[in-house]
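# Structure assessment
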Amino acid sequence: MTLNLINMNGEVTYKCPRCGFTTEANTWLIKCPRCGSPLDVDYDLRKPKELSRRELTRILPVKEQLSLGEGLTPLVKRGDYYFKLEYLNPTGSFKDRGWSLALSVLRNDVTVVEDSSGNAGLSLAAYSAVKGIRARIYVPKTAPEAKKRLMRLLGANVVEVATRADASSLAMSFTEGVYVGHSWNPFFIHGVKLIAYELALELGSIDNVIAPLGNGTLTLGLYLGFKEAEELKLIKDVPRIIAVEASGYEWAYSMLHNTPMGVKATLPDGIIVPQPPRLTQIVDAIRDTGGDVVVVDDEGVIDGLRNSIRLGFIIEPTSAVVFKALKEVKANGTTVAILTGSGLKLSNELFRLIYGE
């Protein structure tokens with residue numbers, strides 16, 4: 001099915017980072033038709049004049065943005081480090097930024113299909129409800145019950161399957177809707193990149209950014225946003241990106257350091273993913289910034305949750321992985337940790353993990 005895109009502001013093109021294929025972005029494509037790789041999108045940059053919702057919206061390639069009030073999240077300092085509170089977005093995660101843009105280019109007469117461990121599906125359900133379109137979301141049975149209930153509450157058709165890999169495979173093969181999977185979706189990453197713009201406009205100079213790494217939309221969004229901010233002279237240099245992966249799913253770490261996988265973690269469900277489709281891009285981005293990858297196990301997650309509570313941050317286990325990096329990495333200069341998802345959806349689980357009750 002050919003799906004024409006709408007609401008474009010200026011000329012937008014698809015570009016394949018692997019084989020160089022380019023074409024005008026006037027229809028929906030999820031893969032390069034030549035080599036099957038994930039596509040990027042490209043358009044003329046617009047420099048924001050100030051840190052405001054209006055100016056940040058101008059950066060995006062759409063005339064009118066679908067919004068629930070995402071973005072402009074607080075940046076707070078605790079001791080030597082800054083924390084970007086992405087868990088205070090409308091549905092409790094940074095994924096709201098991606099869907100705000102990604103759904104803005106689609107018509108209202110489609111069924112969108114996604115695979116998710118929780119936050120991406122919940123966010124898509126909310127933005128689909130506001131847009132007035134149907135959402136079909138494949139989730140592993142191990143996804144948090146609270147998140148699955150919230151997806152259904154928002155009207156999504158939630159399909160539970162055995163594993164995260166099964167969710168991805170079945171979502172991509174469903175033919176009665178449009179697969180918009182966030183790990184493949186090039187518009188999603190451009191929505192996420194506004195985190196970097198906000199940090200650049202607020203801090204001016206940043207040396208290190210630490211963030212969880214699963215499918216890589218956050219890592220690539222930060223990298224893209226900082227590269228653009230550097231080009232627009234909002235910052236002098238792109239900060240080092242320190243990504244944090246779950247043990248047993250350390251795809252980028254293994255590629256960077258040529259090591260085998262560790263014992264599989266179970267707690268940071270948001271970054272327990274099959275091999276990311278943009279893995280090569282992720283590794284290239286980390287290398288380009290002089291960054292690295294830290295691997296965290298379940299014990300490290302629990303330690304991170306205890307640290308976060310002491311600082312007043314009610315975050316989910318996936319977000320808590322950044323504390324391992326803050327402890328391990330020598331982060332000189334201005335360092336920002338991205339707290340990605342809210343723990344309010346998992347209060348019972350958090351109490352058990354932190355206090356053992």
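These notes cover the structure that comes with them.

What counts, and where the lines are drawn
- Residues numbered from 1 in each chain as written.
- Predicted model: local features only at pLDDT ≥ 70, side-chain atom pairs only at ≥ 80, totals over all residues.
- Heavy atoms only, no water.
- Patch = residues over 30% accessible without salt bridge, like charges linked within 9 Å, V, L, I, M, F, W, Y side chains within 5 Å.
- Areas by Shrake-Rupley, 256 points an atom, 1.4 Å probe, with all protein chains shown as cover.
- Salt bridge = Lys/Arg side-chain N within 4 Å of Asp/Glu carboxyl O.
- Helix = DSSP H or I, 4+ residues; strand = E, 2+ residues; numbered from the N terminus.
- 1 Å grid on protein atoms, 1.4 Å probe; cavity = no way out; pocket = protein on both sides within 12 Å on 5 of 7 lines; lining within 4 Å.
- Points joined across faces, edges and corners; volume = space filled by probe spheres on them.
- Nonpolar A, V, L, I, M, F, W, Y, C, P; charged D, E, K, R; others polar.
- Core = buried A, V, L, I, M, F, W, Y, C linked by side-chain atoms within 4.5 Å.
- Buried < 20%, exposed > 50% of the residue type's maximum accessible area, 1.4 Å probe, protein only.
- Contact = heavy atoms within 4.5 Å.
- Phe/Tyr/Trp six-rings, centres within 6.5 Å; stacked < 30°, edge-to-face > 60°.
- Lys NZ or Arg CZ within 6 Å of the ring centre and 35° of its normal.
- Expected span 1.5 Å × (residues − 1).

## Section: a nonpolar patch on the surface
Residues I309, I314, L344, F351 and Y355 make up a contiguous nonpolar surface patch of about 510 Å² in total accessible area. Tracing the chain through its elements places L344 in the loop between β13 (335-339) and α14 (347-355).

## Focus on empty space enclosed by the protein
One pass over the full model with this rule turns up 1 cavity of 30 Å³ or more. What lines the largest cavity is a set of 25 residues, and nearest its centre among them are F94, K95, G214, G270 and I271. Looking at the lining of the largest cavity, the elements with two or more residues in it are α3 (119-131) and α8 (217-231). Ranked by residue count, the leading element in the lining of the largest cavity is α8, at 3 residues. For the lining of the largest cavity, the per-class residue count stands at 7 nonpolar, 14 polar and 4 charged.

## What to know about the nonpolar core
Formed by 88 residues in total, the largest nonpolar core has its most connected members in W28, F187 and L222. Once residues within four sequence positions are removed from consideration, W28 is found in contact with L3, L5, Y14, L106, V178, Y179, V180, N185 and F187. Listed in part, the 32 residues of the second largest apolar core include A265, V294, F323 and L353.

## Brief notes about the packing of aromatic side chains
In the structure shown here, the tally under the stated rule is 7 aromatic pairs. Ring geometry for F351 versus Y355: centroids 4.9 Å apart, planes at 45°, classification tilted. Here F351 and its partner Y355 are both found in helix α14, 4 residues apart, which amounts to about one turn of the helix. By the ring-pair criterion, three or more aromatic residues cluster together here, those being Y14, W28 and F187. When the ring centre of F174 is taken as reference, the NZ or CZ atom of R136 above it lies at 4.2 Å.

## Topic: α3
Here α3 spans 18 Å end to end across 13 residues, near enough to the 18 Å set by a 1.5 Å rise per residue. With 11 of its 13 residues buried, α3 lies for the most part within the structure. Among the residues making up α3, those that are buried are N119, A120, G121, L122, S123, L124, A125, A126, Y127, S128 and K131. Check the buried side of α3 and you find it contacts α2 (95-102), β6 (111-115), β7 (134-140) and α4 (145-153). One or two positions beyond α3, positive phi appears at G132, with a value near 85°.

Note that all results are geometric; they support no functional claim without further evidence.
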